[in-house]
Amino acid sequence: MASPQISPSILSADFARLADDVALIADAADWVHVDVMDNHFVPNLTLGLPVVQALLKHSALPLDCHLMIEDPDRWAPQYAEAGAGSVTIHAEASKAPIRTLRTIRAAGARAGLGINPATPVDPYEDLLGEIDMLLLMTVEPGFGGQSFLDVVLPKVRRARALIGERPVWLQVDGGVSAETIERCAEAGADVFVAGSAVYGADDPAEAVRRLRGQAERAAG
Ligand code: DX5
Ligand code: ZN
């Protein structure tokens, strides 16, 4: 298991000041989590490739692009080619995940596979060799600020066991906060997305440092 990493979600940042809000966490976080939503895979619309391309020029941290879109096979390679450090596609949306994951890696990015709260992880065991990160949603995707779904924790444990010695990071996304991050770390997660818990805080960088400290102690 890798040491804990924090990936603040800019879904809870000020969309009119994205570069400034990313700079706020640049010394404290490991990644910048970018939630791409198309109003089809999820009932919300956020941003797309042009904004990611612009943000890449202004971010000292690598971008962790989470594609909650209906046609990731068409779009994901372009995020990798643009320079995203990590590109995650959803298992529920991809029609050719192996091809798309390989294309992401070939473009030089880390390849992630995301699964929703009610999607079982076991059918994807054979794909673990194709990915660098498994993202387990701990809320129904679409919005920041939702309550953490404890019901997903057994799946986090099962996913950690399935990953075994493979160099695959296990990311949790949704409702991760000072109240819930320890449970996630104890269950085996090692990459933590936090939107409202970081950008809703008075001092986002300090919030990131505290979350990291909690995760490190819980992972023990
Ligand atoms: C939800 C997004 C999350 C979201 C997390 O669909 O994938 O990344 O921004 O926000 P919080 O941490 O507020 O639940
Ligand atoms: Zn996300």
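Cut-off values and rules
Residues numbered from 1 in each chain as written. Chains lettered and ligands numbered in written order. Predicted model: local features only at pLDDT ≥ 70, side-chain atom pairs only at ≥ 80, totals over all residues. Heavy atoms only, no water. Donors = N, O, S within 2.8 Å, 3.2 Å for Na, K, Ca; no water. Tetrahedral: all angles 85-135°; square planar, octahedral: opposite > 155°, others 65-115°. Helix = DSSP H or I, 4+ residues; strand = E, 2+ residues; numbered from the N terminus. Buried < 20%, exposed > 50% of the residue type's maximum accessible area, 1.4 Å probe, protein only. Phe/Tyr/Trp six-rings, centres within 6.5 Å; stacked < 30°, edge-to-face > 60°. Near = heavy atom within 4 Å. Polar contact = N/O pair within 3.5 Å; in protein donor to acceptor, adjacent residues only side chain to side chain. Areas by Shrake-Rupley, 256 points an atom, 1.4 Å probe, with all protein chains shown as cover.

Next up on the list: the coordination of the zinc ion (ligand 2). Around the zinc ion (ligand 2), the protein supplies H33 (NE2), D35 (OD), H66 (ND1) and D173 (OD) as donor atoms, at distances of 2.0 to 2.3 Å. Around the zinc ion (ligand 2) sit 6 donor atoms; with metal-centred angles ranging over 71 to 171 degrees, the donor geometry is octahedral. Mapped onto the sequence, the residues coordinating the zinc ion (ligand 2) show the spacing H-x1-D-x30-H-x106-D. Separated by 31 residues along the polypeptide, D35 in strand β2 (residues 32–37) and H66 in strand β3 (residues 63–68) bring together distant segments of the chain. Taking the relative accessible area as the measure of exposure, D35 reaches 7% and is therefore buried. Take H66: its relative accessible area is 0%, and that puts it in the buried class.

Further remarks concern the packing of aromatic side chains. What the rule picks out here adds up to 1 aromatic pair. Ring geometry for W31 and W169: centres 6.0 Å apart, planes at 75 degrees, overall edge-to-face. Here W31, found in the loop between α1 (18–24) and β2, pairs with W169, found in strand β7 (residues 169–173); they are 138 residues apart in sequence, far enough to count as distant. Accessibility expressed as a relative area gives 17% for W169, which makes it buried.

We now examine the site of ligand 1. Taken together, the neighbourhood of ligand 1 is formed by 20 residues, with G142, D173, G175, G195 and S196 sitting nearest. Between ligand 1 and the protein, one listed contact pairs an oxygen atom with a side-chain N or O atom of H66 at 3.3 Å. In this structure, G195 approaches ligand 1 through a main-chain N or O atom, which is 2.8 Å from an oxygen atom. Within the complex, 100% of the 380 Å² of free accessible area of ligand 1 lies under protein. Looking at the shell around ligand 1, the elements that each hand over two or more residues are β2, β3 and β8 (191–194). Considering each element in turn, the shell around ligand 1 owes the most residues, 3 residues, to β2.

Function-wise, these values are silent; they only describe arrangement.
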